[in-house]
Amino acid sequence: MKIGVVVVNRNDGYKDFERGIIHFKSMLDTFDEVTYIDWNSPTGSFLWEIQDYLPKTGKLKHFVIPADIVSQLITDPQAQKCNEGLSRNIGIRRSECDWIVSTNLDIIPPKREDLINTINGLDKNTFYTVSRREGPKEIIYKYPHTEWEKIREELYNTIPERHFPAMVTPNDHYSLINCCGDFQLASKHVWEGIKGFEEEMIYACFVDTNIQKKAVLNGFGLEALYNPPLFHMEHGAYYTKEDGTRVLDSEHKGAYTGDAKAYNSAWDYVEFFSETSNGNDWGLGDTEIEFEIF
């Protein structure tokens, strides 16, 4: 059994490099395949910024979708700059693993043995979302990234389960937990059966709830899990702007909002959504895309 993970990011200064290094080191420790899609970065791939700090395992697949290509794929100027649906599908479609996780760049995953033990008891015809736990800055930045295992161990020993239900429309029986997109897990059979994330959802919000409804509509199960432990790394004490300068959190005052100028409709994509508009070429399946391996 091979277990893979897909993560998407845009190198625009929102995710600081220290957290990025911790993320990739922990992912490489847990998974057999780590697929990173760098989408629409204005200053070159995030991974290129930190590659010298990562172990060379041959497990990290790196796709770069630059701005000039993105502008041809998605022409609406109000679209989210870091696309969620199509970008993740590129990685999921090309994964060589039996089980695939979709997650974010600020997550520390479960220990490998815990994730394997969990998957061994799961149903291959069910879509799972695992509730994240919070990783406070005080722990995340307590140790340097060279000692990232100590960070994970302290989080394991101190942070309890997170039960935080969510609902975005009156008949939303699909979100299950708040921030349901932080760690979504399914067999490749399920991902292929639902044709991945909905690619016409080019704006912010509800992409992760939508895919969970898609699983149900296609006859698959849907379940929330609260174990094994995984952790969302709280944002650092500083923010990196696109020009490379650093400012304190208190100075940017949460100005980053995902660069969203428009939002997907919860009514269209959760409450009344009934079938996918993705074709058989979802994830640009008919297009050859170059990638590098680290």
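Residues numbered from 1 in each chain as written. Predicted model: local features only at pLDDT ≥ 70, side-chain atom pairs only at ≥ 80, totals over all residues. Heavy atoms only, no water.

Student: What's the story with the environment of Tyr203 in this structure? I'm lost.
Tutor: Summarising the element assignment, Tyr203 is placed in the loop between helix H8 (188-193) and helix H9 (207-217). Residue Tyr203 is classed as partly exposed on the basis of its relative accessible area, which comes to 22%. Along the chain, Tyr203 and Gly221 lie 18 residues apart, while their C-alpha atoms are 27 Å from each other. Of note is the side chain of Tyr203, whose polar atom sits 2.4 Å from the side chain of Asp76. (Helix = DSSP H or I, 4+ residues; strand = E, 2+ residues; numbered from the N terminus. Buried < 20%, exposed > 50% of the residue type's maximum accessible area, 1.4 Å probe, protein only. Polar contact = N/O pair within 3.5 Å; in protein donor to acceptor, adjacent residues only side chain to side chain.)

Student: Sorry if this is basic, but what is going on with the sheet that holds strand E5 (residues 107-108) here?
Tutor: Where strands meet in a sheet, backbone hydrogen bonds hold them as pairs that are either parallel or antiparallel. Ordered in space as E5-E10-E7, the three strands form an open sheet in which the pairing is mixed. The two strands at the open ends of the sheet, each matched to only one other strand, are E5 and strand E7 (133-135). Summarising the sheet, E7 and strand E10 (residues 231-233) pair through three bridges and their orientation is parallel. Among the inter-strand pairings, Gly135 is bridged to a residue of E10, identified as Met233. (Pairing = 2+ DSSP bridges.)

Student: Looking at this model, I keep getting lost on the sheet that holds strand E6 (residues 126-130). Mind explaining?
Tutor: Taken in spatial order, the eight strands line up as E9-E6-E8-E4-E1-E2-E3-E13 in an open sheet, and their pairing is mixed. One side of each edge strand has no neighbouring strand; the edge strands of this open sheet are strand E9 (221-225) and strand E13 (292-293). Summarising the sheet, strand E2 (residues 33-39) and strand E3 (residues 60-65) pair through six bridges and their orientation is parallel. By the bridge assignment, Trp39 is partnered in E3 with Ile65. The strands touched by helix H1 (residues 17-30) within the sheet are strand E1 (3-9), E2, E3 and strand E4 (99-103), with E2 carrying the most contacts at an inclination of about 150 degrees. Docked against the sheet, helix H4 (residues 85-93) engages E1, E2, E3 and E4, running at close to 150 degrees with respect to E2. (Contact = heavy atoms within 4.5 Å. Axes fitted to C-alpha atoms, helices over the stretch in contact; angles between N-to-C directions.)

Student: What is the right way to look at the pairing of strand E8 (residues 183-187) in this model?
Tutor: Regular strands place their side chains on alternate faces of the sheet. Burial runs high along E8: five of the five residues are buried. Neither face of E8 is open: one carries Phe183, Leu185 and Ser187, the other Gln184 and Ala186, and all of them are buried. In terms of strand pairing, E4 meets E8 through five bridges, oriented antiparallel. Bridging across to E8, Ile100 finds its partner in Ala186. Note: E6 against E8, two bridges, orientation antiparallel. Within E8, the residue paired with Tyr128 across the bridge is Leu185.

Student: Help me out: how do you make sense of the nonpolar core in this one?
Tutor: One finds Ile37, Trp39, Ile65, Ile90, Ile92, Phe127 and Trp191 to be the most contacted residues of the largest nonpolar core, which totals 31 residues. For this core, the secondary-structure elements that each account for two or more residues are E1, E2, E3, H4, H8 and H9. With residues near it in sequence (within four places) discarded, Phe127 still touches Gln184, Leu185, Ala186, Val190, Trp191, Ile194, Ile211, Gln212, Ala215, Gly221, Leu222 and Glu223. Counting 29 residues, the second largest nonpolar core, distinct from the first, contains Val7, Ile50, Ile107 and Leu230. (Core = buried A, V, L, I, M, F, W, Y, C linked by side-chain atoms within 4.5 Å.)

Student: I tried to follow H9 on my own but got confused; where do I start?
Tutor: Each turn of an α-helix holds 3.6 residues, which means side chains three or four residues apart point in the same direction. The buried count for H9 comes to nine of eleven residues, which makes it a mostly enclosed element. Taken together, the buried positions of H9 are Val207, Asp208, Thr209, Asn210, Ile211, Gln212, Lys213, Lys214 and Ala215. On its buried side, H9 packs onto E6, E8, H8, E9 and helix H11 (266-271). Of the residues one or two after H9, Gly219 is the one with positive phi, at around 90 degrees.

Student: What's the story with the pattern of salt bridges in this structure? I'm lost.
Tutor: The final tally for this structure, using the stated rule, is 13 salt bridges. Here Asp182 ties to Arg132 by a salt bridge, and the two come within 2.8 Å at their closest N and O atoms. With Asp182 in the loop between helix H7 (148-158) and E8 and Arg132 in the loop between E6 and E7, the pair connects residues that are 50 residues apart, well separated along the chain. In terms of burial, Asp182 and Arg132 fall into one category: buried. Its salt-bridge partner being Glu154, residue Lys142 comes within 3.2 Å of it at the nearest N-O pair. (Salt bridge = Lys/Arg side-chain N within 4 Å of Asp/Glu carboxyl O.)

Student: What am I meant to see in the packing of H1 against H7 here?
Tutor: Packed helices, taken two at a time, are described by their axes: the angle between them and the distance between them. The geometry of H1 relative to H7 is characterised by a closest axis approach of 10 Å and an angle of 80 degrees between their N-to-C directions. Considering the angle they form, H1 stands roughly perpendicular to H7. Between H1 and H7, the contacting residues are Ile22, Lys25, Ser26, Asp29 and Thr30 on the first element and Trp148, Ile151 and Arg152 on the second. Taken together, the residues that form the contact of H1 with H7 break down as three nonpolar, two polar and three charged. (Parallel < 35°, antiparallel > 145°, perpendicular 65-115°, else oblique. Nonpolar A, V, L, I, M, F, W, Y, C, P; charged D, E, K, R; others polar.)

Student: Help me understand the environment of Ile50 in this model?
Tutor: Take Ile50: it is sitting in helix H2 (residues 46-50). Owing to a relative accessible area of 1%, Ile50 belongs among the buried residues under this scheme. Spatially, the C-alpha atoms of Ile50 and Phe17 are 6.8 Å apart, while their sequence positions differ by 33 residues. Aside from chain neighbours lying at most four places away, what touches Ile50 is Phe17, Gly20, Ile21 and Phe24.

That is the geometry; function is a separate question.
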